[in-house]
Every structure is written in C-alpha cells, then in structure tokens.
Amino acid sequence: MVLIKKGAEAELFLETWCEKKVILKRRTPKSYRIPDLDLKLRSYRTIHEAMLIHQAKLVGIPTPLIYLVDTINSTIIMEYIIGKQLRELANESSELTLKPIFLRIGRSIGKLHSSGIIHGDLTTSNLIIDPQKRIFFIDFGLGKKSLELEERSVDLFLLKRTLNSTHYLSADPFFSWVLPDISSTGPLQTRLPT
Amino acid sequence: MAKLKQGFDLTDLCFSLQEVSFSMLTETTERALAHIERDEVLLTGGVAANARLSNMLRTMTEDHNAKFFVVPREYCGDCGAQIAWTGILAYESGVMTDVNNSFVIPRWRIDDVEIPWRH
C-alpha cells in the first residue's frame, strides 16, 4: 500500500486489488471524539460519499467506479483514474485547448447542481481529464445534497479562487467563456427533476 | 426537548450535546490546521473555560504535532464586555433598536453587518 495523500479526514492509498490499480480511501479514527460518535460519523460519511459519487454518474458525470464500501473500517475502494489533473493541464495548455474543456466543465457543474449535488471541494486538483478527454469529478468527501444558490456559488467561488491562485492565467477568461453558455440554457432550475 | 419528554436523563442529553458540538468545533479547527499548514492553536473567549473542549483540541493538536495554548481562566469571561462595548459604539453611531423590535438573527452573515463607527 502506497500512501498518496493524507488529508485532514482521510488517507488515500494506491493499491492493487483484483489485479486492478485502485484507490483506497480510509477515514481514520479521531481520538478526540468519543468512540461511539466517531464510528457513527465515519461510517455515515463513507456511505454518503459513495452515494454522491453514484448519483453524479446517474446524471452523466464521470466519477470513479466504486468497487467496495466497507462501513466498519470506513473505507471505500474505487477506480484509479488515469489522466491529468486540471491543475497541471491548465498550466501547460494554451487558451485554445482549454476553452472547450472549460465549456464542458461548466456544463458538468451545471448538471450536478441542477440535480441537487454540491461537490463541496471543487478545486483544480479534483478534476481529472483522462486520455479519452472525459472529465472526471473526484473526491466528494465534502459534498452534500442541496439546491441552495449559496451552496452552488461556494462551489464556483472555490474553483475560481484555485484558478486564480495556482495558475498564471487569471480565472476571468474561463468564467467569461462559460457564463454566456449558462445563460443560454434557460431559467435556473431550483427543484429536483422528478 | 423531545428526548427529555421521552424520559431521557437531562445530564446524559447535555453531555451528548456537548460532545457533538465540541467534536464539530475540533474538526473544523483540525481542517483549518491541515489546510493552511500551521502548527499552533490558541483557544480564547468564553469557550476557553471549558475543560472538555481544551482536552479535545489538545488531543487533536498532538495528533498533528502542533502546539496547543489556552488563555488563563480569568481572561475567558470577556464576552459580556465585548457585547457591551459594541453596544456603546453602536449607540454613539446612532444605531438603535427598540426592545419591541429586537430579535435574534441566527444566520446573520458577518459581511452583512453594518459597522458605521468604522467608516
């Protein structure tokens, strides 16, 4: 098991499982919480994250395949996405290559939001573009179900902030490409599709 | 309140409420600590008087190899003075509310608060 990322809440390992390269995400116990509450929170969040990843797929957004959800060890085993993080891509590509990608990212976020999914941590590290040019959304660990405008804008605001802070380019052109596209899709949907 | 009416013990309910809310505060602090890569936490204000919260934060900081500090108890009870002082500043700037018209705004955004004495 190779540790690839240690966040505040969980550890990510790269592992081989059934001859496949997989990501193992484990929520580590917190010694400051009483054990009953700690176990409840970790298993709830594990299930919740797996559900959001699945629901995103239902509206056509590529997300990692879930292979195993282990609530007792609060572990998710999921597909390892081979590709490039948007963070890397945005720095090494020209505006011309980036424009169609950003238009698609904008539409994907629109799809997630209008189906009531808030990503919760929409940074350029959590978007992966694979060799087939599919845009994968990863890490729904801070995600939630909500139709509130404020929650949606927090998603967009974070993406804008990460673009501004980690890239030479300003985020403004990215947003100006996407915004006319959004306004052409009609009135904002604030109710879940039935 | 519903649980209390169902016959649950009041001290148990208070303990549960405290454990859940302090776990939330500690987790938020933990996320902030990890996110901005700092190694020190200082607990101040009225909540600093609570031993359980101090203990939780101390445990959390030890897990992250960070240092933990808490202000001495005699400096923990300053909230009343803060509120009173804000009241004086507001009054002197002409901000006044009748008792009849005053109520609690639980979700008042900090960036929506008018501070006329700062202009």
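What you see is a predicted model, and the numbers here were worked out from it, not measured in a lab. (Residues numbered from 1 in each chain as written. Chains lettered and ligands numbered in written order. Predicted model: local features only at pLDDT ≥ 70, side-chain atom pairs only at ≥ 80, totals over all residues. Heavy atoms only, no water.)

A.B. asks: In this structure, what is going on with the overall build of chain B? I would like to understand it.
C.D. replies: Scanning chain B for helices and strands turns up 4 helices and 2 strands. For chain B, the sequential pattern of α-helices and β-strands runs α-α-β-α-β-α. Since a compact globule built from 119 residues should have a radius of gyration of about 14 Å, the 19 Å found for chain B marks it as more spread out than a globular shape. Scored against the burial criterion, the 119 residues of chain B give a buried share of 19%. For chain B, long-range pairs separated by at least 24 residues make up 67% of all intrachain contacts whose partners lie at least 6 apart in sequence. With the model as given, the accessible surface of chain B reaches about 9,500 Å², and the carbon-plus-sulfur share is 58%. Distance between charge centres in chain B, computed from 11 positive and 17 negative side chains, equals 4 Å. (Helix = DSSP H or I, 4+ residues; strand = E, 2+ residues; numbered from the N terminus. Rg over C-alpha atoms; globule rule 2.2 N^0.38 Å. Buried < 20%, exposed > 50% of the residue type's maximum accessible area, 1.4 Å probe, protein only. Contact = heavy atoms within 4.5 Å. Areas by Shrake-Rupley, 256 points an atom, 1.4 Å probe, with all protein chains shown as cover. Lys, Arg positive; Asp, Glu negative; His and termini not counted. Charge placed at Lys NZ, Arg CZ, Asp CG, Glu CD.)

A.B. asks: Looking at this structure, I do not really get empty space enclosed by the protein. What am I missing?
C.D. replies: If a probe the size of a water molecule is rolled over the atoms, the empty space left behind becomes visible. The tally for this structure, following the rule as stated, stands at 1 cavity of 30 Å³ or more. In this structure, the largest cavity spans a volume of roughly 40 Å³. Looking at the largest cavity, the residues that line it are A:Ala8, A:Glu9, A:Lys30, A:Tyr32, A:Arg33, A:Arg45, B:Glu27, B:Glu30 and B:Arg31. Here the element with the most residues in the lining of the largest cavity is helix α2 (residues 10-36) of chain B; it accounts for 3 residues. Each residue belonging to the lining of the largest cavity can be placed in one class, and the counts come to 2 nonpolar, no polar and 7 charged. (1 Å grid on protein atoms, 1.4 Å probe; cavity = no way out; pocket = protein on both sides within 12 Å on 5 of 7 lines; lining within 4 Å. Points joined across faces, edges and corners; volume = space filled by probe spheres on them. Nonpolar A, V, L, I, M, F, W, Y, C, P; charged D, E, K, R; others polar.)

A.B. asks: Just checking my understanding: could you explain the pattern of salt bridges for this structure?
C.D. replies: Any two side chains of opposite charge can pair, given that their charged atoms come close. Inspection of the entire model under this criterion finds 19 salt bridges over all chains. The residue A:Asp38 makes a salt bridge to A:Arg33 at a minimum N-O spacing of 2.9 Å. Just as A:Asp38 is buried, A:Arg33 falls in that class too. Counted as one network, the salt bridges with shared partners bring together A:Glu9, A:Lys25, A:Arg27, A:Arg33, A:Asp38, A:Arg42, A:Arg45, A:Glu49, A:Asp139, B:Glu27 and B:Arg31. (Salt bridge = Lys/Arg side-chain N within 4 Å of Asp/Glu carboxyl O.)

A.B. asks: Just to check I follow, could you spell out the domain arrangement of chain A for this structure?
C.D. replies: Think of interface size as the accessible area that goes away when the parts come together; that is how it is often given. Residues and elements named next belong to chain A. Segmenting chain A into domains produces domain 1 (2-79) and domain 2 (84-183). For domain 1 and domain 2, the distance between their C-alpha centroids amounts to 22 Å. Roughly 1,300 Å² of surface becomes buried between domain 1 and domain 2 when both sides are summed, with 68% attributable to carbon and sulfur atoms. The largest per-residue losses of area from domain 1 upon contact with domain 2 belong to Leu-52, Ile-61 and Pro-62, which jointly make up 41% of the total buried on that side. Between Asp-139 and Lys-25 there is a salt bridge; the shortest N-O distance is 3.1 Å. At the boundary of domain 1 with domain 2, the tally comes to 4 residue pairs in polar contact (both at pLDDT 80 or more). (Domains from an automatic or database assignment. Buried area = accessible area lost by both parts, 1.4 Å probe. Polar contact = N/O pair within 3.5 Å; in protein donor to acceptor, adjacent residues only side chain to side chain.)

A.B. asks: What exactly am I supposed to notice about the sheet that holds strand β9 (residues 135-137) of chain A here?
C.D. replies: Backbone hydrogen bonds hold the strands of a sheet together, and the pairing may be parallel or antiparallel. Residues and elements named next belong to chain A. Ordered in space as β6-β8-β9, the 3 strands form an open sheet in which the pairing is antiparallel. This sheet does not close on itself; its edge strands, each paired only once, are β6 (84-85) and β9. In terms of strand pairing, β6 meets strand β8 (residues 127-129) through 2 bridges, oriented antiparallel. Looking at β8, one finds that Lys-84 is bridged to Ile-129. The strands touched by helix α3 (residues 95-114) are β8 and β9; relative to β9, the strand with the most contacts, the crossing angle is about 40 degrees. (Pairing = 2+ DSSP bridges. Axes fitted to C-alpha atoms, helices over the stretch in contact; angles between N-to-C directions.)

A.B. asks: Even after reading the chapter, I still don't get the interface of chain B and chain A, so can you show me in this structure?
C.D. replies: Contacts between the two partners involve 15 residues from chain B and, on the opposite side, 11 residues from chain A. Carbon and sulfur atoms make up 52% of the area that chain B and chain A hide from each other, which totals about 1,100 Å². Three residues, B:Glu27, B:Glu30 and B:Arg31, lead the burial of chain B against chain A; their summed loss comes to 39% of the area buried on that side. Seen at the junction of chain B and chain A, the total is 5 salt bridges. Two residues, B:Glu27 and A:Arg33, come together in a salt bridge whose shortest N-O distance is 3.3 Å. On the surface where chain B and chain A come into contact, there are 8 residue pairs in polar contact (both at pLDDT 80 or more). Elements that contribute at least two residues to the side of chain B that touches chain A include exactly α2 and α3 (51-63) of chain B. If one sorts the elements of the side of chain B that touches chain A by residue count, α2(B) sits on top with 9 residues.

A.B. asks: Explain unusual backbone geometry to me, please; I cannot follow it from the model alone.
C.D. replies: Residues apart from glycine generally show negative phi values, whereas peptide bonds are mostly found in trans. Residue and element names in this part refer to chain A. In this structure, Ser-74 takes a positive phi of about 40 degrees despite not being glycine. Of note, Ser-74 is situated in the loop between β4 (66-70) and β5 (75-79). Given the relative accessible area of 1%, Ser-74 is considered buried. Of note, Lys-133 is a non-glycine position whose phi angle comes to about 65 degrees, a positive value. Examined against the element boundaries, Lys-133 turns out to sit in the loop between β8 and β9.

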